[in-house]
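# Structural overview for review
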Protein chains: 4
Amino acid sequence: MDTAVFENHESEIRGYCRNYPTVFATASNARQVSEDGTSYIDFFGGAGVLNFGHNNPKMKEALIDFISNDGVAHSLDTYTTTKRDFVSKFQEVVLAPRGMDHKMQFMGPTGSNAVEAAMKLARRATGRREIVAFSHGFHGMTLGSLAATANHAFRQWAGVPLDNIIRLPFETAPGGDTAISEYREALLDTSSGLTAPAAFLVEPVQAEGGVNVASAEWLRSVQDLAREVGALLIFDDIQAGIGRTGSYFSFDGMDLDPDIITLAKGLGGFGTPIAMNLNKPEVDAHWSPGAHTGTFRGQGLSFVAGTVALDYFTDDSFTAEVTRKGKVMRERLEKIAAAHPDAGWEVRGKGMMQALDTMDGAVAKKVQQASFERGLLIGPCGQDGRVVKLIPPLTIPDDDLDAGLDLLEQAIEAAATTTVVA
Amino acid sequence: MDTAVFENHESEIRGYCRNYPTVFATASNARQVSEDGTSYIDFFGGAGVLNFGHNNPKMKEALIDFISNDGVAHSLDTYTTTKRDFVSKFQEVVLAPRGMDHKMQFMGPTGSNAVEAAMKLARRATGRREIVAFSHGFHGMTLGSLAATANHAFRQWAGVPLDNIIRLPFETAPGGDTAISEYREALLDTSSGLTAPAAFLVEPVQAEGGVNVASAEWLRSVQDLAREVGALLIFDDIQAGIGRTGSYFSFDGMDLDPDIITLAKGLGGFGTPIAMNLNKPEVDAHWSPGAHTGTFRGQGLSFVAGTVALDYFTDDSFTAEVTRKGKVMRERLEKIAAAHPDAGWEVRGKGMMQALDTMDGAVAKKVQQASFERGLLIGPCGQDGRVVKLIPPLTIPDDDLDAGLDLLEQAIEAAATTTVVA
Amino acid sequence: MDTAVFENHESEIRGYCRNYPTVFATASNARQVSEDGTSYIDFFGGAGVLNFGHNNPKMKEALIDFISNDGVAHSLDTYTTTKRDFVSKFQEVVLAPRGMDHKMQFMGPTGSNAVEAAMKLARRATGRREIVAFSHGFHGMTLGSLAATANHAFRQWAGVPLDNIIRLPFETAPGGDTAISEYREALLDTSSGLTAPAAFLVEPVQAEGGVNVASAEWLRSVQDLAREVGALLIFDDIQAGIGRTGSYFSFDGMDLDPDIITLAKGLGGFGTPIAMNLNKPEVDAHWSPGAHTGTFRGQGLSFVAGTVALDYFTDDSFTAEVTRKGKVMRERLEKIAAAHPDAGWEVRGKGMMQALDTMDGAVAKKVQQASFERGLLIGPCGQDGRVVKLIPPLTIPDDDLDAGLDLLEQAIEAAATTTVVA
Amino acid sequence: MDTAVFENHESEIRGYCRNYPTVFATASNARQVSEDGTSYIDFFGGAGVLNFGHNNPKMKEALIDFISNDGVAHSLDTYTTTKRDFVSKFQEVVLAPRGMDHKMQFMGPTGSNAVEAAMKLARRATGRREIVAFSHGFHGMTLGSLAATANHAFRQWAGVPLDNIIRLPFETAPGGDTAISEYREALLDTSSGLTAPAAFLVEPVQAEGGVNVASAEWLRSVQDLAREVGALLIFDDIQAGIGRTGSYFSFDGMDLDPDIITLAKGLGGFGTPIAMNLNKPEVDAHWSPGAHTGTFRGQGLSFVAGTVALDYFTDDSFTAEVTRKGKVMRERLEKIAAAHPDAGWEVRGKGMMQALDTMDGAVAKKVQQASFERGLLIGPCGQDGRVVKLIPPLTIPDDDLDAGLDLLEQAIEAAATTTVVA
């Protein structure tokens, strides 16, 4: 396969292609096929985008129909019939059943942009400057969202100070059990050097940060503190939302009431870009028209496929399937971990985001490589890349899921053996 | 037309829909048709994205073919055959003929993200912090690019200080004629309070800032100073590039040699998102793999349509047409301005980005409204929105162009009359 | 007494004069006498400056001699015989006996300036930006030292962001027992969002912050962490040093080894300004000549009186007296607290800095007022000013000390009664 | 002379002692005498502090009397009879004759602290963040004032970004003639990237910056712009005030009306520290009690000697003498410059601050060394230290002034010769 054109003309920054040294030609549901005909099972899911599989048939049909009929592909924030369908259906399928009256805000179609917009709105609505973000949090790469991102590997590239963020440990990090109550005491102490923040920005399930699942109790303690000190609660559900954890939002059913929810990744269904924030009306009212713009904030193709994606949530059958498959994943990982009792491996996750924390980036890297060699795509994440994260399409057939888990198990055995030898 | 769903459920931030109070249903080349059948001539071009028209037929065909055949729509920065076609053709059509050996970097698919990446790279490559940006410059809405954006209407929403930018007047702004030489003297003076910047970030043609066209001499003086003080030269060609001004880059033929060029908007051809920076190899070498990521940095549909778009630049026939139509636009605007000698109106532009500076935001707003009422879409820009900017698709048929200019002329007469009366 | 000239022509910012509404005419040891002849016992000691009493007789004699003989009163950092005497004696009396080889650095003669210099040096020596400071810490009013100061009442006046500080709870604040170990874990975690700081800036005894005394164990844990992560340890001993706590440094005998010690207040002995940092040689070597200047950094009168002050530390008799008197103060405060078992009052302190935390700023204010009415000067401090701090001259005669404590006891009874009534 | 104690125990940061390698023992008026009996003529004046000579006899007498009688040496901002004398006399001698109703604010006794306080007050009074400062400006070493200081040699030591300052060229710097008008145009342009500042901070005569004298016209243009955009005008008269330029304030008689004036250096008369801001009442009203504190803000000795110093300004005889001696200095420097027509030397100054700009730091350094060898103390300043600045005590006898100028002339000839040879 010819990769010279990339090596000669693409930036040195390219990353995943180094882990998956092949050239993909086609993709369908949970399979990606390379130019030489090798078929890979996809447990990576486009970094959490492809919840409904590659080239979802219903979306293909809808997109081809849309393009054939000269639908408005690019509309900024003008009104289009396509966008109306999406907004209308999102209201009907997601918001109304939950009694939510949040306003939908579209912006530049990246998760990073969604977070930037949320931070602006929280700062404007409160007149405050600092935002609380958490260890192991991942929120994006642009300067505002990068300040909230915790990983030093990304932060070091800013080239300028990353300020206006208060960093607290996430529930599952050292000190995480007491951080919220201690921070509360400090905020109430006028000699603590702290003043009330504009917002708490939290991922109910940290994905890139290593698949860390917050408890309902902890999230409610964050929400309670936000309410007490007049700060907003922002949930970044960009990777964990849109059905990934077995419910539409990752925090469904927890009796939580965020002021802003950031969404992107799986929202467009097909892998085309879109980002959307849900803002409570009284918060949203702080915006003026055009306050935060973005050229690609009206994407017809993403509206079309995203509308199809919402069909998966009109009843509980799909999310029930996600929960069922998630258990299959979880059980296999626990079996694997149990087979290596001395390794200190830990299994974590929710729904179809399940992970094995190998506690060692080198081990996880070997697992990834051994998986690729066997025809399985996975992506490590977390501190030093030590966590093997599984986020296959939610639509993955049982056969592919089982086959993928078999390959993973083999790869882990091979990696573990190699590691021992080395 | 039903707009209640937007009014009830979409954010108050929505903007263009207030200028164009209709619901668009379809679009083709330079025409957008609303739900009620009204056909609008499009002189707005999706804010500079739709250089090749809405639903460009060759792109439609290529996209439908790509989708039908399960092409890889979402690939992050793995290798795909589709991406290889794009990279290869961009090298062949754009870089090679110009003797450029820049590396192509893909990132989150917004212009803002491209600028953020360029700023990071410049800061890393030089070990410096401050970046020179210019009055009336527009570079994006995320915290890093927003710091470089000049317009107070956008800056006020940051909620935090926008630092690490040195602001100089653009060539056409007050003081712009001497600013570069004075800044040079200050940099050479160790008691000036200034130290050398990481980069000069400049739009060769400012679009959002009011259609301000820099001269080759001035751009060379910026480049010379950058070289002298060890700073990088970054050209933001996001709106003016991709053929808009009558050549692929807006600065072609000026004997200029930028270290980084940021591209987005028209690059994907069809209106689907993509962004790409061109980095000189010695600058690009400062990146490490994965240093600046972005979920949507590998967009199959944008690669496919973007490859088709490059066909327009394999010879000079298309750019010659752009130049010809640009003259038609220019002459009409000059005629209009000449008809109002006392108004102090000014005509500015290059290629098919032409503008009438009415010197008064209220006038431009009336022109926009009067145009819309007559079936013409335009968008004001510049200081206080006083500049009527025309950026129709480059592929606009002559009939539509003439008809659009007629409508514009009528709208301006109507607006001028109204203004006088009022 | 005529105070109109102040009310008419002095700034509204004046503060202590509002607590002590009189005009002082003379002062001697622990007594200040107002224009109308009222004699006040001074438990305030010039906010910790007048450790050796007002108009210490030996210092008076030395100063008059110095002035009479045309000594060099103002010398910047040129060499003078007077400065040589001071440096030489400080080396002999303070550094040599402790085996310290720190270098003495003189700067603008305020504690704030000493802290600013220490922060610069730590940042330069480590190449890092952030400095850890603690809740309830007080380090000064200029922008750098103010960033390290915790009290919101002062911080709110900056008018610009106070950045580049990591805030941790002091040992005695909520969360203080685990903060250092949790911070350590976060620093070792590359996904925590934190990177190693340039320094830990800590007062071994917080004075303004409410008389909070750190334990040797906790200070050693801070020192250990600083060493482990390559950060400097800066002790701000500006108010607690120079004998106040019963030893020259407040941390003597704790087996601690700070890289930088900041001194000011009592160092000059007579109340004339001087500030000095003690920098370890390997840290001090990072300075270049003139890197941090200050017009008043060579004060002959402060050198002269400061040299006399060092006589108090040539043997242990003076510090033994301080310890003895401190116990007298402590016992009286404990007796007072014991008399109000339901009030939750707490007695804290070390040596002759002893305090009663009334847990209520309004109570402490009343105590201050009732004391003044009875002829006793005290100054509240700490969160909301709720802590009654006693810092009389170390040279206070036993009679005055006892008389002052009697007045305090009466004032507290009066204030407590008033409070109950109100 | 023994300097080992300094070399062994004082910080490497010490500076002037390297230029003046001797140990001073006594000083009187414009003479400093070293331990070995060498008498030096002082054209350096303690960096602008000793306007009334070393050990001014009337001040000596007043100080000895004050100390002998147990005056309150250290008072923070309590009222003392001594302070009342000073405030009262300052009002009578300085403010009343000028029709000024500014309030006197005392703070930590350094010029840097005065500037920090002025910046805080301006930011609070306007609710704005940025302050305009000028190239070659010198305002201090603490983080806030250092941000306003222009010289890179000092700025590089901050270790953190120095933000919230807008830098404009001073009148005499390149671009200085048009900077104010261009900045005005930019402020009025909402797309310039600039918003109105809190204040303009300017030295009417830049001392450390190289003895640059602003014209009344230029200063009025700054004042006009400040008024127009709602910013405060802050004059830093720390080195040029208190009679130095032939009038009490350096800007007397120019029809200027600053909102805040910062004073320090010569204000205390004897060389003991004091700093004071003059705030217009409506500006001062923004302070709350204790908003900006400082331990040494009430200095009895400085009040006493400073009151004596005010006697020099009760009529015009003293300032007339300053003007006369200034002319003597000016003429000699012009004669010297005229003797080296090819060197491009420039003479600048006002009153008794006169300077020779040698355009070359190495030349000025040689002049300083050759002067010292001949018994004359001078200090270079300005860009790269190329400006020989003469600021002798205003009370210097004519004989010493002439003798000093003779020594200077000889030193310059020697230095010029050496330079040619080398």
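Residues numbered from 1 in each chain as written. Chains lettered and ligands numbered in written order. Predicted model: local features only at pLDDT ≥ 70, side-chain atom pairs only at ≥ 80, totals over all residues. Heavy atoms only, no water.

Chain A appears in an unreviewed UniProt entry as Diaminobutyrate--2-oxoglutarate transaminase from Brachybacterium endophyticum. Per UniProt, chain A carries the Pathway (unreviewed entry) text "Amine and polyamine biosynthesis; ectoine biosynthesis; L-ectoine from L-aspartate 4-semialdehyde: step 1/3." UniProt, in the comment section headed Sequence similarities (unreviewed entry), describes chain A in these words: "Belongs to the class-III pyridoxal-phosphate-dependent aminotransferase family." (UniProt positions renumbered as here; feature names shortened; annotations may be inferred.)

Assigned secondary structure in chain A consists of 15 helices and 18 strands. For chain A, the C-alpha radius of gyration of 21 Å lies close to 22 Å, the compact-globule estimate for 422 residues. When the backbone C-alpha atoms are referred to their principal axes, chain A occupies close to 60 × 60 × 45 Å. Residues counted as buried form 69% of the 422 residues belonging to chain A. Counted over contacts in chain A with a minimum sequence separation of 6, partners at least 24 positions apart contribute 72%. Roughly 12400 Å² of accessible area belongs to chain A as shown, and the carbon and sulfur atoms make up 48% of that amount. (Helix = DSSP H or I, 4+ residues; strand = E, 2+ residues; numbered from the N terminus. Rg over C-alpha atoms; globule rule 2.2 N^0.38 Å. Buried < 20%, exposed > 50% of the residue type's maximum accessible area, 1.4 Å probe, protein only. Contact = heavy atoms within 4.5 Å. Areas by Shrake-Rupley, 256 points an atom, 1.4 Å probe, with all protein chains shown as cover.)

So, on to the relation of the copies chain B and chain A. Structural alignment of chain B on chain A gives an RMSD of 0.0 Å, achieved by rotating through 180 degrees and translating 0.0 Å along the axis. Both chain copies can therefore be described as sitting about a two-fold axis. Of the C-alpha atoms belonging to chain B, the one lying closest to the rotation axis is found on Leu143(B), 2.6 Å away. Here 100% of the interface residues in chain B have copies in chain A that are interface residues too; the copies meet face to matching face. (Least-squares fit on C-alpha atoms with pLDDT ≥ 70 in both.)

Spatially, β16(C)-β3(C)-β2(C)-β1(C)-β4(D) is the arrangement adopted by the 5 strands of the open sheet, whose pairing is mixed. A single partner strand is all that each edge strand has here, and the edge strands are β16 (376-377) of chain C together with β4 (79-80) of chain D. Looking at chain direction, strand β2 (residues 31-34) of chain C and strand β3 (residues 39-42) of chain C are connected through 3 bridges and run antiparallel. Within the sheet, the bridge partner assigned to Gln32(C) lies in β3(C) and is Tyr40(C). (Pairing = 2+ DSSP bridges.)

Between chain D and chain C, the contact holds 105 residues from the first and 105 residues from the second. For the pair chain D and chain C, the summed buried surface comes to about 9500 Å²; carbon and sulfur atoms form 63% of the total. The three residues of chain D that bury the most area against chain C are Ile13(D), Tyr79(D) and Trp157(D), which together make up 11% of that side's buried surface. In this structure, the connection of chain D to chain C is made through 6 salt bridges. A salt bridge links Lys60(C) to Asp70(D), with the shortest nitrogen-to-oxygen separation between them at 2.7 Å. As paired strands, strand β1 (residues 23-28) of chain C and β4(D) are joined by 2 bridges and run parallel to one another. (Buried area = accessible area lost by both parts, 1.4 Å probe. Salt bridge = Lys/Arg side-chain N within 4 Å of Asp/Glu carboxyl O.)

Residues and elements named next belong to chain D. Its location among the elements puts alanine 216 in helix α10 (residues 216-229). Overall, the relative accessible area of 15% leaves alanine 216 in the buried class. Measuring from C-alpha to C-alpha, the distance between alanine 216 and phenylalanine 251 comes to 7.9 Å, with 35 residues separating the pair along the chain.

The next thing to look at is the side chain of Lys265(C). Structurally, Lys265(C) is set in the loop between β12 (260-263) and β13 (276-279). One buried charge, Lys265(C), has no salt-bridge partner; the nearest side chain with opposite charge is Glu208(C), at 4.9 Å. A polar side-chain atom of Lys265(C) sits 2.5 Å from the main-chain carbonyl oxygen of Ala47(C). Apart from residues lying up to four places away in sequence, Lys265(C) is in contact with Ala47(C), Gly48(C), Val49(C), Ile238(C), Gln239(C), Ile274(C), Thr295(D) and Phe296(D). (Lys, Arg positive; Asp, Glu negative; His and termini not counted. Polar contact = N/O pair within 3.5 Å; in protein donor to acceptor, adjacent residues only side chain to side chain.)

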